[in-house]
Amino acid sequence: MSEPGTHEFTVVSTQDIHIGRVVGLRVDEVAMPGGTTARREVTEHLGAVGVAAVDAEGAITLIHQYRHPLGRRLWELPAGLVDHPGEDPVAAAQRELVEEAGLAAARWDTLVDVATSPGFTDEVVRVYLAREVSEVDREVLGEEEADLVIRRFPLAEAVEMALAGELVNGATVSGVLAAHAVLSGAVQARPADAPWRDRPSAFAARIRD
């Protein structure tokens, strides 16, 4: 057996189970330490972006949106899929901010990259910090977006909501805490075009083919 941390987990075989509009499910047979193999179910995802839009008064915009798997509405950052072919992630974030919150921003930075549940999905959400915010005409695309409630919260209150369990969306919790860390001067954000090492690609490749 190889030394711990040195084994190469190569895929011996793979089988597609379901290919949908937003995700795909496949089962990989993976070479394990000791010469055995193990089945790993993988949900492929397009990848997504979220936006922590903080205005001059220090308020962050959250939306109240119904999430069917949990069966209730959640307070979340404006966010959406990177689902336009060849779309730059920053452009996707700018588009989602307009569509969901009716906001534009002149200054963009990268806050965090969030692997939502790497035990079974390749979904990673990149969360941006948007500043110098202004209101624009909102594009409402479909009945679901028409149902959104948009509200501004003082950033400190949003942090309290995260720590109290009132915010549970992973990218939202991470983005709120990271925005507070950056705006308090504790750390610096990365540039908007910072490399995105773990950006999902498998499902996007299926769509292109």
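Residues numbered from 1 in each chain as written. Predicted model: local features only at pLDDT ≥ 70, side-chain atom pairs only at ≥ 80, totals over all residues. Heavy atoms only, no water.

Trainee: Looking at this structure, I do not really get the sheet that holds strand E6 (residues 72-76). What am I missing?
Mentor: Working definition: the strands of a sheet are paired by backbone hydrogen bonds and lie parallel or antiparallel to each other. One open sheet accounts for 3 strands, arranged E6-E5-E10; its pairing is antiparallel. What marks the edges here is a single partner per strand, and that holds for E6 and strand E10 (149-154). Neighbouring strand axes in the sheet, compared pairwise and without regard to direction, differ in orientation by 30 degrees on average. The strands touched by helix H3 (residues 155-163) within the sheet are strand E5 (59-67), E6 and E10, with E10 carrying the most contacts at an inclination of about 105 degrees. (Pairing = 2+ DSSP bridges. Helix = DSSP H or I, 4+ residues; strand = E, 2+ residues; numbered from the N terminus. Axes fitted to C-alpha atoms, helices over the stretch in contact; angles between N-to-C directions. Contact = heavy atoms within 4.5 Å.)

Trainee: Is there a simple way to think about the pattern of salt bridges in this case?
Mentor: Pairing is possible between side chains of opposite charge, provided their charged atoms come close. Counted according to the given criterion, the structure contains 16 salt bridges. Where glutamate 76 meets arginine 67, a salt bridge forms, and the shortest distance between an N and an O atom there is 2.7 Å. On the accessibility criterion, glutamate 76 (3% relative accessible area) is buried. Taken together, the salt bridges that share partners define one network made up of Asp16, Arg26, Asp28, Glu44 and Arg206. (Salt bridge = Lys/Arg side-chain N within 4 Å of Asp/Glu carboxyl O. Buried < 20%, exposed > 50% of the residue type's maximum accessible area, 1.4 Å probe, protein only.)

Trainee: Is there a simple way to explain the domain arrangement of the protein chain in this structure?
Mentor: One widely used convention gives an interface's size as the accessible area the parts lose upon coming together. You can read the domains of the protein chain as domain 1 (10-44) and domain 2 (47-184). If you look at the interface, domain 1 gives 5 residues, while domain 2 gives 4 residues. Roughly 350 Å² of surface becomes buried between domain 1 and domain 2 when both sides are summed, with 49% attributable to carbon and sulfur atoms. Joining domain 1 to domain 2, the criterion identifies 3 residue pairs in polar contact (both at pLDDT 80 or more). Of the residues in the side of domain 1 that touches domain 2, the class split is 2 nonpolar, 1 polar and 2 charged. (Domains from an automatic or database assignment. Buried area = accessible area lost by both parts, 1.4 Å probe. Polar contact = N/O pair within 3.5 Å; in protein donor to acceptor, adjacent residues only side chain to side chain. Nonpolar A, V, L, I, M, F, W, Y, C, P; charged D, E, K, R; others polar.)

Trainee: Quick question: what am I supposed to make of the sheet that holds strand E8 (residues 103-115) here?
Mentor: What the 5 strands build is an open sheet, ordered E7-E4-E9-E8-E11; its pairing is mixed. The open sheet has two edge strands with one neighbour each: strand E7 (79-81) and strand E11 (190-191). Pairing of E8 with strand E9 (residues 124-135), which is carried by 11 bridges, proceeds in the antiparallel orientation. If you follow aspartate 113 over to E9, its bridge partner there is arginine 126. Together, strand E4 (48-53), E7, E8 and E9 form the strand contacts of helix H1 (residues 89-101), whose direction differs from that of E8 by roughly 115 degrees. Contacting E4, E8 and E9, helix H4 (residues 170-183) crosses the sheet at an angle of about 115 degrees to E8.

Trainee: Help me understand unusual backbone geometry, please; the structure alone is not making it clear to me.
Mentor: Residues apart from glycine generally show negative phi values, whereas peptide bonds are mostly found in trans. The phi angle at glutamate 132 is positive, at roughly 55 degrees, despite the residue not being glycine. Along the chain, glutamate 132 turns up in strand E9.

Trainee: Would you explain the pairing of strand E1 (residues 11-19) in this entry?
Mentor: Along any regular strand, the residues point their side chains to alternate faces of the sheet. Bridging between E1 and strand E2 (residues 23-31) involves 7 bridges; their strand directions are antiparallel. What sits directly across from serine 13, in E2, is glutamate 29. Linking E1 back to E2 in an antiparallel pair, the connection comprises 3 residues.

Trainee: Can you walk me through the nonpolar core in this structure?
Mentor: Nonpolar side chains tend to gather and get buried jointly when the protein is soluble and globular. Ile60, Leu62, Leu77, Leu111, Leu167 and Val176 are the most contacted members of the largest nonpolar core, which has 24 residues in total. Only E4, E5, E9, H3 and H4 provide two or more residues apiece to this core. Of all the elements, H4 adds the most residues to this core, at 6 residues. In this structure, Val49, Leu97, Ala101 and Ala130 belong to the second largest nonpolar core, which totals 15 residues. (Core = buried A, V, L, I, M, F, W, Y, C linked by side-chain atoms within 4.5 Å.)

Trainee: In this structure, what is going on with the pairing of E8? I would like to understand it.
Mentor: Both E8 and E11 contribute to a ladder of 2 bridges, which runs antiparallel. Opposite threonine 110, over in E11, you have arginine 190 as the bridge partner.

Trainee: Sorry, what's going on with the packing of H3 against H4 here?
Mentor: Where H3 contacts H4, the two axes come as close as 9 Å, and the packing angle between them is 140 degrees. Taken together, the axis directions place H3 and H4 in an arrangement best described as oblique. Seen along the crossing, H3 lies across H4 with a hand that is left-handed. Along the contact surface, H3 presents Leu155, Ala158, Val159 and Ala162, while H4 presents Val173, Val176, Leu177, Ala179, His180 and Leu183. Taken together, the residues of the contact of H3 with H4 sort by class into 9 nonpolar, 1 polar and no charged. (Parallel < 35°, antiparallel > 145°, perpendicular 65-115°, else oblique. Left-handed = near helix turned anticlockwise from the far one by under 90°.)

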